[in-house]
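Here is how the chains run, residue by residue.
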Amino acid sequence: MKRPVKENEQSSRGISRRALILGSAQLGVAGVLGWRMQSMQIEQADQFRLLAEENRINVRLLPPARGLIFDLNGIPLAANEQNYRVVMVREDAGDVDAVLARLQTIVDIDPADIARAKEDMRKLSSFVSVTITDRLRWEDVAKINVNAPALPGVSAEVGLSRHYPYGADVGHVIGYVGPVSDYDLSKIEDQDPLLQIPKFQIGKTGVENKLEHTLRGSAGTKRIEVNALGRVMRELDRQEGLAGKDIQLTLDERLQSYAQARMDGESSGAVVIDLETGDLRAIASAPSFDPNLFVRGISVKDWTDLNENKYRPLAAKAVQGAYPPGSTFKMVTALAALEAGAISPEETVYCRGYTEVGGTRFHCWKSGGHGNVNFHDSLKFSCDCYYYEVSQRVGIDKIAEMARKMGIGLKHDLPLSAVSSGLAPDKQWKTEVRGEAWRIGDTVNASIGQGYVLASPLQLAIMTARIATGKMVTPRLIKSIDGVEEPSGIGESLGINENMLRRCRQSMDAVVNDRRGTGARAKILTAGYEMAGKTGTSQVRRITADERARGVTRNEDLPWERRDHALFVCFAPINNPKFAVAVVVEHGGGGSTAASPIARDIMLQALYDGPPPLEAYPSADRGRIEEQQKRIAERITKIRPAQDRV
């Protein structure tokens, strides 16, 4: 007979089974955890160590020093200057408003900078440093350091900032830098990591923009230790970047500054080319602008002043401007006709004051006419009717071909913003662009540099340089990059009959040095320095038959915007040409009165490598020239103290 199982024994056996099951489950979980820990700590240790290191160590880019830009003589035109700035870390400052108020009692800070800094602090993490203001004097930095205990979270730092010592004198050529924008990034194919640095500055215009990659350099790096919140704990190591390359231009700063000063008060452009090398010694446009205004961000007032100025100071007229070249184009028409055999140098054309073509009268600038004129006299007196006739004989296609050979209608490869290609029109161009057939009247207009023909001062200087040398002179602006010389701008022969070129030079000589020449007031008296040139006046309005009948209105009696453009091109010395100069004065009235004196003065400055003696000028001009030289010297001297600090 079996002994009955007691109730408490049955309960004890049930608990033992549950404990065994639970214990087994716990051992299983512990085993899995142990296996997983072994896998992570031993088998996957390297992987997790790398992940932990990446979370703990950050790599940050260090902007390199931007390359410098120098003139022909080693004078810095774009420099890097130390920039002292004051920054604040919000979490260290405590009461931000109170600290900023104390800071303003120590150094003078624009309230707008304070407001901007507060806005930045609201947007950014509390441990991120925010720039309060920059471009502080060393004295202000010293004050901040002395008062550091009263300015928690505030510190002074030093960096580099772009500076243009010669300001407006080189504004159009050098250009300026500014913070990279989303628009800039959308145009840049090479996404350099440097461009992601907040407020990193890149070239916006001019040489700064066109040679950005050369000047920028490459980034350095620093490794910093950060905590879980991203706060910097310490700097572990640093590798400096590679500075940008230095660039030497062909510009002569002294000549450039003189040209800018000489054109003060005008809306004009001037170019000087060295005929031995093709080097551009001056590229001046007036009025100009100070590129330093753009480095930190231009004010609304300054921007408005520049944009609303009717003389357009932001336009680089010397290379961007495209003007009807007027009578300065007559050498092109003449050479095309002489080369084609359409006319001989001695053959004459009768000028009665106008030429009838297809029932339309095309007038000469001299209403009574010049009588019989040959090639030589046509340039000396600038007779329009001569060119009306010879252009019909040679045709527009030959004229356009000669224009392009002389550098007009071509875009020259220079590291400058918006270089104009001008226009040397022909029959094909009008058909393709205008959808119209070329007319004989178009040829007649083009023969004297009117109608569709357009040229920049740069192109007119190149044209003059090629006539003076008989060679394919190509303009050069970059002399060297990091000491490595760039190719010279002197090319092969133009392939034009030298006898025809010589006759053209002799006629340009007569324009200036014959007392009846249209450019006689630009004469240089110094023996061996004599200059040859050509005046030009291009109309910007149509003169009606009624106006001609009652008398053409004088330029000085017209509103400025309706006056003719004034042009002058020249080279000197005649027997051994060294420089070519082209000047365009917008709405200047006449080439002989407005442009030729400016070109003559710039030419003398280039020939003498400084102020020329008064004896180089006609006696009647010396009093005016002496006063003018004093004014220009005073103007240039005023900017020297700021430059000397660089």
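Residues numbered from 1 in each chain as written. Predicted model: local features only at pLDDT ≥ 70, side-chain atom pairs only at ≥ 80, totals over all residues. Heavy atoms only, no water.

Explanation requested: the side chain of S538 in the structure shown.
Summarising the element assignment, S538 is placed in strand β19 (residues 532-538). At 3.1 Å, the side chain of S538 forms a polar contact with the backbone oxygen of P324. The contacts of S538, once residues within four sequence positions are left out, are P324, G326, Q450, D564, H565 and L567. (Helix = DSSP H or I, 4+ residues; strand = E, 2+ residues; numbered from the N terminus. Polar contact = N/O pair within 3.5 Å; in protein donor to acceptor, adjacent residues only side chain to side chain. Contact = heavy atoms within 4.5 Å.)

Would you explain the side chain of S267 in this entry?
Examined against the element boundaries, S267 turns out to sit in the loop between α11 (253-262) and β11 (268-274). Among the residues examined, S267 registers a relative accessible area of 1% and is labelled buried. (Buried < 20%, exposed > 50% of the residue type's maximum accessible area, 1.4 Å probe, protein only.)

What is the right way to look at the packing of aromatic side chains in this model?
Ring pairs (aromatic) are described by centroid distance and by the angle formed between their planes. One pass over the structure, following the stated rule, counts 11 aromatic pairs. Between Y84 and W138, the aromatic rings sit 5.5 Å apart at their centres with planes inclined by 50 degrees, giving tilted as the arrangement. Of this pair, Y84 sits in strand β3 (residues 76-89) while W138 sits in helix α6 (residues 138-146), and the two are 54 residues apart along the sequence. Given the relative accessible area of 18%, Y84 is considered buried. Just above the ring of Y354 sits the side chain of R361; from NZ or CZ to the centre is 3.9 Å. (Phe/Tyr/Trp six-rings, centres within 6.5 Å; stacked < 30°, edge-to-face > 60°. Lys NZ or Arg CZ within 6 Å of the ring centre and 35° of its normal.)

For this particular structure, what's the right way to read helix α25 (residues 622-638)?
Given 3.6 residues to a turn, an α-helix orients residues that are three or four positions apart in the same direction. The end-to-end C-alpha separation of α25 is 24 Å, in line with the 24 Å expected for 17 residues at 1.5 Å each. Taken as a whole, α25 has its buried residues at I625, Q628, I632 and I636. The buried residues of α25 occupy an angular sector of 65 degrees when projected down its axis, which confines them to one face. Residues R631, E634 and K638 are exposed on α25 and point more than 90 degrees away from its buried face. (Expected span 1.5 Å × (residues − 1). Arc of directions from axis to C-beta.)

Explain the pattern of salt bridges here, please?
Pairing is possible between side chains of opposite charge, provided their charged atoms come close. This model, assessed by the stated rule, comprises 35 salt bridges. Taking the shortest distance from any N to any O, the salt bridge between D609 and R254 comes out at 3.1 Å. Highlighted residues: D609 in the loop between α24 (591-608) and α25 and R254 in helix α11, separated in sequence by 355 residues. Note that R600 is salt-bridged to D621, the shortest N-O span being 3.8 Å. On the criterion of sequence distance, the pair formed by R600 in helix α24 and D621 in the loop between α24 and α25 is long-range, its members being 21 residues apart. D621 carries the same exposure label as R600, and that label is buried. Linked by salt bridges that have partners in common, R66, R162, D192, E208, E212 and R216 make up one network. (Salt bridge = Lys/Arg side-chain N within 4 Å of Asp/Glu carboxyl O.)

Looking at this structure, how should I read unusual backbone geometry?
Negative phi is the rule for most residues except glycine; trans is the rule for most peptide bonds. Following A286, the chain continues into P287 via a peptide bond in cis, with omega recorded as -10 degrees. Checked against the element boundaries, P287 lands in the loop between β12 (280-286) and α12 (292-295). Along the chain, A572 connects to P573 via a cis peptide bond; the corresponding omega equals -15 degrees. By the secondary structure assignment, P573 is in the loop between β20 (565-572) and β21 (579-585). Phi is positive for S382, close to 55 degrees, though the residue is something other than glycine. Residue position: S382 is located in the loop between α16 (375-380) and α17 (384-394). Classification of S382 by relative accessible area gives buried; the value is 5%.

Would you mind showing me how to read the sheet that holds β19 here?
By definition, the strands of a sheet pair up through backbone hydrogen bonds, in either a parallel or an antiparallel sense. If you trace the 5 strands from one edge of the open sheet to the other, you get β12-β11-β21-β20-β19, paired in antiparallel fashion. At either end of the open sheet lies a strand with only one pairing partner, and these are β12 and β19. Geometrically, the sheet is characterised by an average inter-axis angle of 5 degrees between neighbouring strands, direction not taken into account. Pairing of β20 with β21 involves 7 bridges; the strand directions are antiparallel. The residue bridging L567 from the neighbouring strand is V584, located in β21. Running at roughly 25 degrees to β12, α11 makes contact with β11 and β12 of the sheet. (Pairing = 2+ DSSP bridges. Axes fitted to C-alpha atoms, helices over the stretch in contact; angles between N-to-C directions.)

Looking at this model, I keep getting lost on the packing of α17 against helix α20 (residues 440-447). Mind explaining?
The geometry of a pair of packed helices is captured by two quantities: the angle between their axes and the separation between those axes. Close contact between α17 and α20 brings their axes to 8 Å; oriented N to C, the two are set at 130 degrees. On the basis of their axis angle, the class for α17 and α20 is oblique. You can see that α17 and α20 cross each other, and the crossing is right-handed. Across the interface between the two elements, Y387, Y388, S391 and Q392 of α17 pack against I440, T443, V444 and S447 of α20. Its residues placed into classes, the contact of α17 with α20 shows 4 nonpolar, 4 polar and no charged. (Parallel < 35°, antiparallel > 145°, perpendicular 65-115°, else oblique. Left-handed = near helix turned anticlockwise from the far one by under 90°. Nonpolar A, V, L, I, M, F, W, Y, C, P; charged D, E, K, R; others polar.)

Sorry if this is basic, but what is going on with the environment of V207 here?
Mapped onto the elements, V207 comes out in helix α9 (residues 206-210). Between the alpha carbons of V207 and L414 there is a distance of 8.9 Å; along the sequence they are 207 residues apart.

Hey, could you run me through the pairing of β11 in this one?
Residues in a regular strand project their side chains so that they alternate between the two faces of the sheet. Burial runs high along β11: 7 of the 7 residues are buried. Alignment of β11 against β12, held across 6 bridges, turns out to be antiparallel. If you follow V271 over to β12, its bridge partner there is I283. Linking β11 to β12, which pair antiparallel, is a turn of 5 residues; within it G278 sits at a positive phi near 80 degrees. Sheet topology note: the β11/β21 ladder contains 7 bridges and is antiparallel. Its bridge partner being in β21, A270 is matched across the sheet by V583.

Help me out: how do you make sense of the nonpolar core in this one?
One broad rule of soluble globular proteins: the nonpolar side chains tend to lie buried together. Core analysis: the biggest nonpolar cluster contains 100 residues, and L249, I283 and L477 have the highest contact counts within it. The element best represented in this core is helix α21 (residues 457-469), accounting for 8 residues. If you look at the next biggest cluster of nonpolar residues, it comprises 37 residues, including I524, V581, Y617 and I632. (Core = buried A, V, L, I, M, F, W, Y, C linked by side-chain atoms within 4.5 Å.)

Hey, could you run me through empty space enclosed by the protein in this one?
Think of a ball as big as a water molecule: rolled over the atoms, this probe shows where empty space is left. Applying the stated criterion across every chain yields a total of 1 cavity of 30 Å³ or more. Estimated volume of the largest cavity: approximately 40 Å³. The set of elements that each furnish at least two residues to the lining of the largest cavity consists of α7 (171-174), β12 and α14 (317-320). (1 Å grid on protein atoms, 1.4 Å probe; cavity = no way out; pocket = protein on both sides within 12 Å on 5 of 7 lines; lining within 4 Å. Points joined across faces, edges and corners; volume = space filled by probe spheres on them.)

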